[in-house]
Structure formats: structure tokens, C-alpha cells
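Observations on chain architecture
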Amino acid sequence: MPHPATVIPRPAPVLLPVDGSAERFPVRRVYCVGRNYADHAIEMGHDPSREPPFFFQKNADNLLPAGHAFPYPSLSSDVHYEVECVLALKSGGANIQAADALDCIYGYAVGIDFTRRDLQGEAKKLGRPWEVGKAFEHSAPVSSIVPASRLGHPTQAKIWLEQNGKRVQDGDLNQMIWKVPEIIAELSKLFTLAPGDIIMTGTPAGVGAVARGDHIYCGIDGIATLSVEVV
């Protein structure tokens with residue numbers, strides 16, 4: 001059946017490259033896990049004890065595919081990098097069991113959750129949502145997706161970020177407070193997950209500010225790397 005006519009042009013779909021393939025991964029939603037590494041929770045002034053995970057969202061069109069520069073955003077003078085392991089889902093559902101969660105994953109990538117920390121801080125003080133600090137244009141650079149059929153499901157791998165050649169974040173996936181199957185299971189209690197969903201799984205300690213002219217290079221050993229210029 002043909003699509004009905006629309007009163008304005010349809011938004012372009014958000015498509016991410018897949019490593020080693022001409023095909024693309026279509027994005028539906030972008031979920032993010034907050035404070036999922038103990039050292040990062042401490043540096044942000046929180047108790048890293050294993051409390052229930054919390055989630056926030058970015059928009060699909062906030063994703064910035066590899067090969068594009070990150071334009072420093074407006075209305076902020078304190079933008080921070082946060083390197084993250086990224087999950088791309090091929091299936092979903094509600095109330096997924098942790099034992100079944102890995103079957104939902106199409107592949108993995110490395111990404112950056114750029115954050116307008118000053119605007120996020122103001123929102124926190126006022127008890128308001130974080131969207132102004134998190135869900136802005138180009139705020140989620142992401143590498144090509146590497147299929148799990150090739151990688152398996154890594155539970156231990158170095159995750160790191162370098163700023164102008166200096167390593168400033170250096171952690172391991174095994175330091176996640178909530179592991180990947182648990183993240184999917186807990187998130188599916190709150191939302192019905194679906195093919196095309198992206199999950200950013202939190203960042204290790206060492207977050208900091210960027211400036212125009214910075215070169216950011218990050219990666220997860222054995223999975224992917226990502227290079228981003230701040231302009």
C-alpha cells in the first residue's frame with residue numbers, strides 16, 4: 001500500500017553505517033543510562049551503590065555519524081565529553097528477561113554523549129528535565145555499528161577517550177554497575193523496546209570540558225574507534 005500524502009515533507013530517516021556492509025541501521029529511539037560506572041558517579045557527586053538504574057533520552061536525529069565534526073552548541077560555555085558503549089537493537093518487547101536480552105542486540109559501537117553541563121546543572125537545581133543539556137543537535141557522535149554476529153557479546157574491554165592526544169577517560173566494560181543484559185531488562189520494564197532502538201550505556205570517570213579546535217579520539221578495544229573534531 002502506498003504511503004499517504006503528507007502536508008509537509010517527511011523527515012529523513014536516521015540511518016547509521018554498519019561496519020563492512022553497504023546496508024544501514026535505521027534508528028527509532030535513543031536511550032541513555034545515567035551514572036552506570038561507579039567512579040563516574042563519585043566524580044559527579046553521587047553514591048555509586050547499586051540503586052535502580054535511571055534513564056533519559058536523546059533524539060534519533062541527535063546522532064552524528066562518524067566522519068562529521070561536532071559543532072560547539074549555542075547557549076553553553078561548558079560542554080563535556082562522555083565516551084560510551086552503544087547497543088543497537090534488532091528486536092525488543094516489554095518486560096524482557098535478562099537471560100534473553102542479548103538476543104535483542106544487533107551490534108555494538110562506540111559513541112560520545114556530549115553534554116551542555118552548565119545547562120544540565122541548572123535544570124537539576126530547578127528540578128527540571130535534562131533535555132536542554134543532553135538532547136541537542138549533533139550531541140551523540142557514534143561509530144559504525146559492528147554486528148554481534150561478528151563480535152559476540154563482549155563483557156570486558158577497555159573503553160577510553162583521548163583529548164588532543166592525552167588519555168582522559170580509561171575504563172573497562174566490566175566496570176558497569178548495571179551490565180548490558182540488565183540494562184535491557186530494566187529499560188523494557190519502562191518502555192516497549194523495538195528494532196532500531198539505540199542504547200548508550202554510561203561513561204567511566206574522567207569526563208571534562210571541550211573547546212573549539214579540540215580533537216577527540218575514543219574507542220572500545222576490539223569493537224570500534226571514533227575520531228571527532230570540535231568546531
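Counting restarts for each chain: residues are numbered from 1 in the order of the written sequence. Local features in this predicted model are restricted to residues of pLDDT 70 or higher, and side-chain atom pairs are both shown and tallied only at a pLDDT of 80 or more, whereas totals for entire chains, interfaces and linings draw on every residue. Side-chain numbers come from the whole structure's heavy atoms, not from hydrogens or water.

Going by what an unreviewed UniProt entry lists, the protein is known as 5-carboxymethyl-2-hydroxymuconate isomerase and is assigned to Rhizobium anhuiense.

Partly exposed residues are those whose accessible area sits between 20% and 50% of the maximum for their type, while under 20% is buried and over 50% is exposed, using a 1.4 Å probe and protein chains only. In this description a helix means any DSSP run of H or I spanning at least four residues, a strand means any run of E spanning at least two, and both kinds are numbered starting from the N terminus. For strand β7 (residues 83-89), a buried count of seven out of seven residues is recorded, marking the element as mostly surrounded by other parts of the structure. Taking every second residue as pointing to the same face, both faces of β7 are buried, with Val-83, Cys-85, Leu-87 and Leu-89 on one and Glu-84, Val-86 and Ala-88 on the other.

This part takes up the nonpolar core. By size, the foremost hydrophobic cluster in this structure holds 45 residues, and its most contacted members are Ile-112, Phe-114, Leu-173, Ile-184 and Ile-199. Among the secondary structure elements, those contributing two or more residues to this core are β3 (30-33), β6 (79-81), β7, β8 (105-112), β12 (158-163), α6 (180-190), β16 (215-220) and β17 (224-229). If we skip the residues at most four places from it in the chain, Ile-112 touches Tyr-81, Glu-82, Ser-139, Ala-140, Pro-141, Leu-161, Met-200, Ile-216, Cys-218, Leu-226 and Val-228. As used here, the term nonpolar core means buried Ala, Val, Leu, Ile, Met, Phe, Trp, Tyr and Cys residues forming a set that is joined through side-chain atoms within 4.5 Å. Contacts are residue-level and defined by heavy atoms, with any inter-residue pair within 4.5 Å sufficient.

Once that is clear, we can look at the environment of Ala-157. Among the structural elements, Ala-157 can be located in the loop between α5 (148-151) and β12. With 14 residues separating them in the primary sequence, Ala-157 and Gly-171 have C-alpha atoms 8.4 Å apart. In this structure Ala-157 touches Gly-171, Asp-172, Leu-173, Ile-220 and Asp-221, once residues within four positions along its chain are discounted.

On to the sheet that holds β16. Across the sheet, four strands lie side by side as β13-β12-β16-β17; this open sheet has antiparallel pairing. Only two strands of the sheet have a single neighbouring strand rather than two, namely β13 (166-172) and β17. Adjacent strand axes in the sheet meet at a mean angle of 10 degrees when their direction is disregarded. Bridge analysis of β16 against β17 gives six bridges, and the strand direction is antiparallel. Within the sheet, the bridge partner assigned to His-215 lies in β17 and is Glu-229. At least two DSSP bridges between two strands are needed for those strands to be called paired. Every axis corresponds to a line fitted to the C-alpha atoms, with the helix fit spanning only the stretch in contact, and the corresponding angles, defined between N-to-C directions, vary from 0 to 180 degrees.

Salt bridge, as applied in this entry: a Lys or Arg side-chain nitrogen positioned within 4 Å of an Asp or Glu carboxyl oxygen. The tally for this structure, following the rule as stated, stands at nine salt bridges. For Arg-117, the salt bridge is made with Glu-82, and the minimal N-O distance between the two is 2.7 Å. Note that Arg-117 is positioned in helix α3 (residues 117-125) and Glu-82 in the loop between β6 and β7, a separation of 35 residues in sequence. The class for Glu-82 is buried, based on a relative accessible area of 5%. Close ionic contact of Lys-125 with Glu-122 constitutes a salt bridge, the shortest N to O distance being 3.6 Å. Of the two residues, Lys-125 and Glu-122 are both situated in helix α3; the distance of three residues between them amounts to about one turn of the helix.

Strand order across the open sheet formed by three strands is β9-β6-β15, with antiparallel pairing between neighbours. Sheet topology places β9 (115-116) and β15 (208-209) at the edges, where each strand pairs with a single neighbour. Pairing analysis gives two bridges linking β6 to β15, with the strands arranged antiparallel. For Tyr-81, the partnering residue across the bridge sits in β15 and is Gly-208.

The next thing to look at is the environment of His-153. On the secondary structure map, His-153 appears in the loop between α5 and β12. Once you skip the residues sitting within four places of it in the chain, His-153 turns out to touch Leu-102, Ile-105, Tyr-108 and Ala-148. Separated by 2.7 Å, the side chains of His-153 and Tyr-108 make a polar contact. Pairs of N or O atoms are called polar contacts if they sit within 3.5 Å, as long as, within protein, a hydrogen donor faces a hydrogen acceptor (for residues adjacent in sequence, only side-chain-to-side-chain pairs).

For any pair of aromatic rings, the description rests on two quantities: the centre-to-centre distance and the angle between the ring planes. A pair of Phe, Tyr and Trp rings is counted when the ring centres sit within 6.5 Å of each other, with Trp represented by its six-membered ring. The angle between the planes then sorts it: under 30 degrees is stacked, over 60 is edge-to-face, the rest tilted. As enumerated under the stated definition, the model contains seven aromatic pairs in all. A centroid spacing of 6.5 Å and a plane angle of 55 degrees characterise the contact between Phe-70 and Phe-136, whose relative ring orientation is tilted. Here Phe-136 lies in the loop between α4 (131-134) and β10 (140-142) and Phe-70 lies in the loop between β5 (63-65) and β6, a separation of 66 residues in the sequence. Side by side, Phe-70 and Phe-136 carry an identical accessibility label, which is buried. Three or more aromatic residues link up through ring pairs in this structure, and these residues are Phe-54, Phe-56 and Trp-130.

Tracing the backbone through its elements, the reader meets Ser-139 in the loop between α4 and β10. Among the polar contacts listed, one links the side chain of Ser-139 to the side chain of Lys-58, at a separation of 3.0 Å. In this structure, Ser-139 is in contact with Lys-58, Asn-62, Phe-70, Ile-112, Asp-113, Phe-114 and Lys-134, ignoring residues within four places of it in sequence.

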